[in-house]
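Per-entry structural report
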Amino acid sequence: MVKKFEITDQPLEERRDTDKVLNSSHGAVTTFTGHVREWTNGLRTEYLSFEAYTSMAEKKMEEIGEEVKQKWKGCDIAIAHRVGLLNISDIAVVVTVSSPHRKAAYEANEYAMERLKQDVPIWKKEIWDNGEVWVGHQNYKPKGSERND
Amino acid sequence: MVKKFEITDQPLEERRDTDKVLNSSHGAVTTFTGHVREWTNGLRTEYLSFEAYTSMAEKKMEEIGEEVKQKWKGCDIAIAHRVGLLNISDIAVVVTVSSPHRKAAYEANEYAMERLKQDVPIWKKEIWDNGEVWVGHQNYKPKGSERND
Amino acid sequence: MGKYGLAIKIINQKVVNGMIKVLYFASIKDLTEKTEEEFHVEGITVRELYEQLKKNYGSLDQYGLRFAVNEEFVTEDEILKSGDIVALIPPVSGG
Amino acid sequence: MGKYGLAIKIINQKVVNGMIKVLYFASIKDLTEKTEEEFHVEGITVRELYEQLKKNYGSLDQYGLRFAVNEEFVTEDEILKSGDIVALIPPVSGG
């Protein structure tokens, strides 16, 4: 069975989900990939660790998918998020949206990423050479520690 | 040499350009692919043919790239467009944008596609079982013949 | 069941069935040094459970937690029933 | 050089050097049945060239053409010089 909303500990590829969402009335596909950055405002990340409440995370991603299909008729969407240790430039998340039309594909993809960052129970730990922190969980937080927002 | 702005008669792959644009301070990559739709408002397309004024098209795409890098600092971008005969679901265009941050990656990608559709000298011919037409060149035009906008 | 007490509810056989599982993730897992534990606290609210967990593990307020019951976000007024799975959800940071 | 004439300009050697190449694409290529042709029309404007092309190929106005000289869009007031490459650009439809 094709799994459109998935938490996985396996490496992600950018184009993994296009075939799951594209159909013959779709002319546009947008793919977002979130990558591990090495440099953030001068701070060097060694690697990242992601943890998820897997069953709830997949359920929440599926709910986001339903929202997207309600808001942008005719769209389809797949979301995959990786957990475990990720090295620099590894892909943490892939959001793939297909649509008859271009504008909806952009909008729906961005919306899905915003919703994912709000409500999907996944947590990121940054590891530098001199320490580590769960992003956003404590008062101390290095400046600019968000990955891609 | 890496060619970031390219007209090609070879098949395009969605992830062809990520390595050309991603660097260690980038956390976000957006990819847009425009695919040949079979069904558009009930009209069945057999295939498409794209023609380009290649040298000017590559120059114009490069100018769009410069615009994008001016407007969204820190972004990088690559654009490839295929010419020749394309079958259903084939990729006609790939726009890849990498950025430190997510929002810019979406905006810059959408902007680049809009600019491409305005000013890059590429022409699309639709071929059905009973005829063909250069899209937008004549008074007669089947309803909804645009691919993805 | 008092607001600040997490007493075991012994009402006939309910003590056996009346179990609630609590899941810990990320920074909260680091704090509790476990991924889950079970409590016999049927009928209390999420707020009451949280107050007890603060007694067990120290101040949790600075973590900005949300709560999920059976994989859905709930308010602190949610009343827990036998078999519920409660998760403490620190600010999410996927993507 | 008259507004509606596409005469060959013979000024010393300029006739040899004074060549302009015109490129045809898509629907215009279908109409002209060629991809390019050359004219000796140095010093005329794009508008004057266009008027002559309409005499050669019939009405072109319905195509909504833009014009490029040496791979840059230009207005119809652009004056053509020796060696220029002019392209008739029908509405683009890439993507």
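Interfaces are often sized by the amount of accessible area the parts lose when they come together. Taken together, the contacts link 33 residues of chain B with 33 residues of chain A. Across the chain B/chain A interface, buried area totals approximately 3,100 Å², and carbon plus sulfur atoms make up 49% of it. On the chain B side of the interface with chain A, the three residues burying the most area are E14(B), R102(B) and Y106(B), jointly 25% of the side's total. The tally of links between chain B and chain A comes to 2 salt bridges. One can count 17 residue pairs in polar contact (both at pLDDT 80 or more) joining chain B with chain A. At the level of secondary structure, the elements contributing two or more residues to the side of chain B that touches chain A comprise β2 (28–35) and α3 (102–119) of chain B.

It is worth spelling out the interface of chain C and chain A at this point. Each partner contributes residues to the interface: chain C has 23 residues there, and chain A has 28 residues. In total, chain C and chain A occlude about 2,100 Å² of area from one another, counting both sides; carbon and sulfur atoms represent 52% of this. Taken as a group, E71(C), S93(C) and G95(C) account for 32% of the area that chain C buries against chain A, more than any other trio of residues on that side. We note a salt bridge from R66(C) to D119(A), for which the minimum N-O separation is 2.9 Å. Counting every contact that joins chain C to chain A gives 14 residue pairs in polar contact (both at pLDDT 80 or more). Element by element, the count of residues in the side of chain C that touches chain A is highest for helix α2 (residues 26–32) of chain C, at 4 residues. By residue class, the composition of the side of chain C that touches chain A is 12 nonpolar, 6 polar and 5 charged.

On to the packing of aromatic side chains, then. Under the defined criterion, the tally for this structure stands at 12 aromatic pairs over all chains. Aromatic rings pair up to connect Y53(A), W123(A) and F25(C) into one cluster. Sitting over the face of the ring of F73(C), R66(C) holds its NZ or CZ atom 4.2 Å from the ring centroid.

The next point concerns unusual backbone geometry. A positive phi is found at N70(C), a non-glycine position, where the angle reads about 50°. For N70(C), the position within the fold is in the loop between β3 (66–69) and β4 (72–74).

Let us look at the packing of helix α3 (residues 102–119) of chain A against α3(B). Two elements in contact, α3(A) and α3(B), have axes separated by 11 Å at closest approach and are oriented at 180°. As summarised for this structure, α3(A) and α3(B) are arranged roughly antiparallel, according to the angle between their axes. From α3(A), R102(A), K103(A), Y106(A), N109(A), E110(A), M113(A), E114(A) and K117(A) reach across to α3(B), where they touch R102(B), K103(B), Y106(B), N109(B), E110(B), M113(B), E114(B) and K117(B). Within the contact of α3(A) with α3(B), the residues separate by chemical class into 4 nonpolar, 2 polar and 10 charged.

We now examine the confidence of the model for chain A. Summarising the model, chain A shows a mean pLDDT of 90, and 91% of its residues fall at 70 or more. Counted against residues more than four places away or in other chains, residues 139–147 of chain A, with its pLDDT under 50, gives 30 contacts.

Time to look at the sheet that holds strand β6 (residues 76–82) of chain A. By definition, the strands of a sheet pair up through backbone hydrogen bonds, in either a parallel or an antiparallel sense. Spatial ordering of the open sheet is given by β1(A)-β6(A)-β8(A)-β2(A)-β2(B)-β8(B)-β6(B)-β1(B), a layout of 8 strands whose pairing is mixed. Sheet topology places β1 (5–8) of chain A together with β1 (5–8) of chain B at the edges, where each strand pairs with a single neighbour. Averaged over all neighbouring strand pairs, the angle between strand axes comes to 10°, with direction disregarded. The sheet contact formed by β2(B) and strand β8 (residues 91–99) of chain B spans 8 bridges and is antiparallel. For A28(B), the partnering residue across the bridge sits in β8(B) and is S99(B).

Conventions used here
- Every chain begins its residue count from 1, and numbering advances along the sequence as written.
- In the order they appear in the text, chains get letters beginning with A and ligands get numbers beginning with 1.
- In keeping with the model being predicted, local features are shown solely for residues with a pLDDT of at least 70 and side-chain atom pairs are shown and tallied solely at 80 or more, while totals for entire chains, interfaces and linings include all residues.
- Calculated side-chain values reflect all of the structure's heavy atoms, with hydrogen atoms and water omitted.
- Residues are treated as being in contact if the distance between any of their heavy atoms lies within 4.5 Å.
- Using a 1.4 Å probe, buried area is obtained as the accessible area two parts lose upon being combined, added over both of them.
- Salt bridges are counted wherever a side-chain nitrogen of Lys or Arg sits within 4 Å of a carboxyl oxygen of Asp or Glu.
- Each polar contact in these results corresponds to two N or O atoms within 3.5 Å; when the atoms are within protein, one needs to be able to donate a hydrogen and the other to accept it, and residues that are neighboring in sequence are counted only if both atoms are side-chain atoms.
- Under the scheme used here, helices are H or I runs from DSSP no shorter than 4 residues and strands are E runs no shorter than 2 residues, and both carry numbers assigned from the N terminus.
- Under this grouping Gly is polar, as are all residues other than the nonpolar Ala, Val, Leu, Ile, Met, Phe, Trp, Tyr, Cys and Pro and the charged Asp, Glu, Lys and Arg.
- Stacked, edge-to-face and tilted labels apply to pairs of Phe, Tyr and Trp rings (six-membered ring for Trp) whose centres lie within 6.5 Å, assigned for plane angles under 30 degrees, over 60, and everything in between, in that order.
- Geometrically, a lysine NZ or arginine CZ counts as sitting over a ring once it is within 6 Å of the ring centre and also within 35 degrees of the ring normal.
- In this description, a line fitted to the C-alpha atoms serves as the axis of each element, helices being fitted only across the stretch in contact, and the angle between N-to-C directions of two axes falls anywhere from 0 to 180 degrees.
- For classification purposes, an angle smaller than 35 degrees is called roughly parallel, one larger than 145 roughly antiparallel, one from 65 to 115 roughly perpendicular, and anything else oblique.
- How sure the predictor is of each residue is captured by pLDDT, a score from 0 to 100.
- Any two strands with at least two DSSP-identified bridges between them are counted as paired.

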